[in-house]
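Notes for the structure review
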Amino acid sequence: DKGLYRHYMLKEIYEQPDVIARVLEGRIHQGHVLEQVFGSGASELFDQVKMVQIVACGTSYNAGVVARYWIEKLVGIPCMVEVASEFRYRKTVCMPGTLFITISQSGETADTLSALREAKEQNYLGFLSICNVAGSSLVRESDLAIMTNAGPEIGVASTKAFTSQLVVLMLTTLVLARRYGFDGEQEIVAQLEQLIDLTEQVLALDPQIQKMAEHFVDKHHALFLGRGTIYPVAVEGALKLKEISYIHAEAYPAGELKHGPLALVDEDMPVVAIAPNNSLLEKLQANLEEVRARGGKLFLFADSKAQVKPGNDLELITLPDVPTVMAPIIYSIPLQLLAYYVACLKGTDVDQPRNLAKSVTVE
Ligand code: M6R
C-alpha cells in the first residue's frame, strides 16, 4: 500500500530512517556487532577469513563496491567485487581463505545464484549471503546469511534495499576488522546509530531537490562524479536516473575526467557531483573547476566545508555534517530523490520503468 505517497519509490525512499533502525535492531550490543546474527558457525568461519570476493548485480553490485573500500581500509585484507554475469562465465581463481559474499535484494537473481553455484565448485572458505528475502534461493544455498530487513520493495528502482545493504556491509566489515586489530568499532557503531537522525535531515532537503530536478527535464545526458567510496554512490545515482527517467547517465571517478569524459562537457551536459567532507574533497573541488571552465553546469551535493565559487553555473545543495565512513549511505539519498523528481516531471512510469523487471530471474 502506497499510503499517502504518489509512488512506491517515494514511499520506500522515505522509509529509510525506519529501515536503518530495523537493520540495527538486535544486531548491536554495548557498542559491538553481534556475530551470531550471521548464522551458526559464523565466528569460526570469520576467524579464518583472509580475503573477500563479493558478487552481485545492479544496485547490489554498487553496494559491494562501497564495501570494497571499507573492507580494504578497516579490515586491511584484499576484497574483490564483480558483477555476477561476468563472474559466472569466466575462469576465476580462488585464493585460500576467501569468503564469498553475494548481495541481493530478492535472493532470486539468476546470475547471482548461478555465480554462487559456480563458486561452490571451488575451494572458497564459506558463503555468506546479504539478502532482503528470508527463505530465498540465495539464502537457502549459502552457509551464512544476514537479512537486510528493508521490508518488501515494490518500486523497480532499488532505494531502501541499497542503504540497508550498506548498513549490513558495514556490520560485516566490523566483525572482520576486529580480527585484524581494528579498534574503532564502538565509534563506528555510534555513527551507525546516528544515521537514523541524519537520514531524516537529508530527507528534509526534498523541496530543494525537487527544484533542482527541473533543470534535468529537457536534458538527454548527465554525468555523475565522485571519488573514493563516493564513486560507487555516483554510479548508483546514475543508475537511478537512467532507470526511471530514461536520461542517459554515466558515472566517472572524478579523477578520470581528463582521460576522456571532459570532452563531453558543455552546457547541455549537466554534471552531478557528490562532495562529502573527506580526504579527497580538495582534489574533487579541482575536478569541478575543470568542469566549470568547460562551460559545464554543476549540480553539487556537498558538505558545508566544500569551497566552491558561487555562480550561475552552480546549483548547490548542502548536506549536514556526516562522519566520513557514513557518507556513502547518506549521500545516496538525495540522488534517489533527484532521479525520482526528474522522472515525475518527465511523466515516466516511476515504479514500473519500461523493459525492466523487479527481479531478474532469467539471464
Ligand atoms: O534482487 P537483486 O538485488 O539481486 O537485483 C539486482 C538488480 O537487478 C537490481 O539491483 C537492479 O539493478 C535495480 N532495478 C536497480 O535499481
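Residues numbered from 1 in each chain as written. Predicted model: local features only at pLDDT ≥ 70, side-chain atom pairs only at ≥ 80, totals over all residues. Heavy atoms only, no water.

In the nomenclature of an unreviewed UniProt entry, the chain is known as Glutamine--fructose-6-phosphate aminotransferase [isomerizing] of Amphritea pacifica. According to the UniProt record, the Subcellular location (unreviewed entry) comment for the chain is "Cytoplasm". Of the chain, the UniProt comment under Catalytic activity (unreviewed entry) reads exactly: "D-fructose 6-phosphate + L-glutamine = D-glucosamine 6-phosphate + L-glutamate". (UniProt positions renumbered as here; feature names shortened; annotations may be inferred.)

Counting secondary structure elements, the chain contains 13 helices and twelve strands. Against the compact-globule benchmark of 21 Å for 363 residues, the chain has a radius of gyration of 20 Å, which places it among compact chains. Its C-alpha atoms give the chain principal-axis dimensions of about 60 × 40 × 40 Å. By residue count, 58% of the 363 residues in the chain fall in the buried class. At a minimum sequence separation of 6, the contacts of the chain that also span at least 24 residues come to 76%. On the chain, roughly 14700 Å² of surface is accessible, and the fraction owed to carbon and sulfur atoms is 50%. (Helix = DSSP H or I, 4+ residues; strand = E, 2+ residues; numbered from the N terminus. Rg over C-alpha atoms; globule rule 2.2 N^0.38 Å. Buried < 20%, exposed > 50% of the residue type's maximum accessible area, 1.4 Å probe, protein only. Contact = heavy atoms within 4.5 Å. Areas by Shrake-Rupley, 256 points an atom, 1.4 Å probe, with all protein chains shown as cover.)

Around the ligand, 15 residues are found, and the nearest of them are Ser-60, Ser-104, Gln-105, Thr-109 and Glu-243. At a separation of 2.6 Å, an oxygen atom of the ligand approaches a polar backbone atom of Gln-105. In the environment of the ligand, a nitrogen atom lies 3.0 Å from a nitrogen or oxygen atom belonging to the backbone of Val-156. Across the shell around the ligand, the residue classes break down as five nonpolar, eight polar and two charged. (Near = heavy atom within 4 Å. Polar contact = N/O pair within 3.5 Å; in protein donor to acceptor, adjacent residues only side chain to side chain. Nonpolar A, V, L, I, M, F, W, Y, C, P; charged D, E, K, R; others polar.)

As used here, a disulfide is simply a covalent bond connecting the sulfur atoms of two cysteines. The full count for this structure, using the stated rule, is zero disulfides. With no disulfide of its own, Cys-57 lies closest to Cys-131 among cysteine sulfurs, the gap being 12 Å. Among the residues examined, Cys-57 registers a relative accessible area of 25% and is labelled partly exposed. (Disulfide = S-S within 2.5 Å.)

This next bit is on the packing of aromatic side chains. For any pair of aromatic rings, the description rests on two quantities: the centre-to-centre distance and the angle between the ring planes. Using the criterion set out here, one finds eight aromatic pairs in the structure. Relative to Phe-46, the ring of Phe-38 lies with its centre 5.1 Å away and its plane at 85°, an arrangement referred to as edge-to-face. Of the residues examined, Phe-46 reaches a relative accessible area of 1% and is grouped as buried. In textbook terms, an aromatic cluster arises when at least three aromatic residues are bridged by ring pairs, as seen for Phe-87, Phe-100, Tyr-124 and Phe-127. Lying over the aromatic face of Tyr-246, Arg-354 brings its terminal NZ or CZ to 3.7 Å of the ring centre. (Phe/Tyr/Trp six-rings, centres within 6.5 Å; stacked < 30°, edge-to-face > 60°. Lys NZ or Arg CZ within 6 Å of the ring centre and 35° of its normal.)

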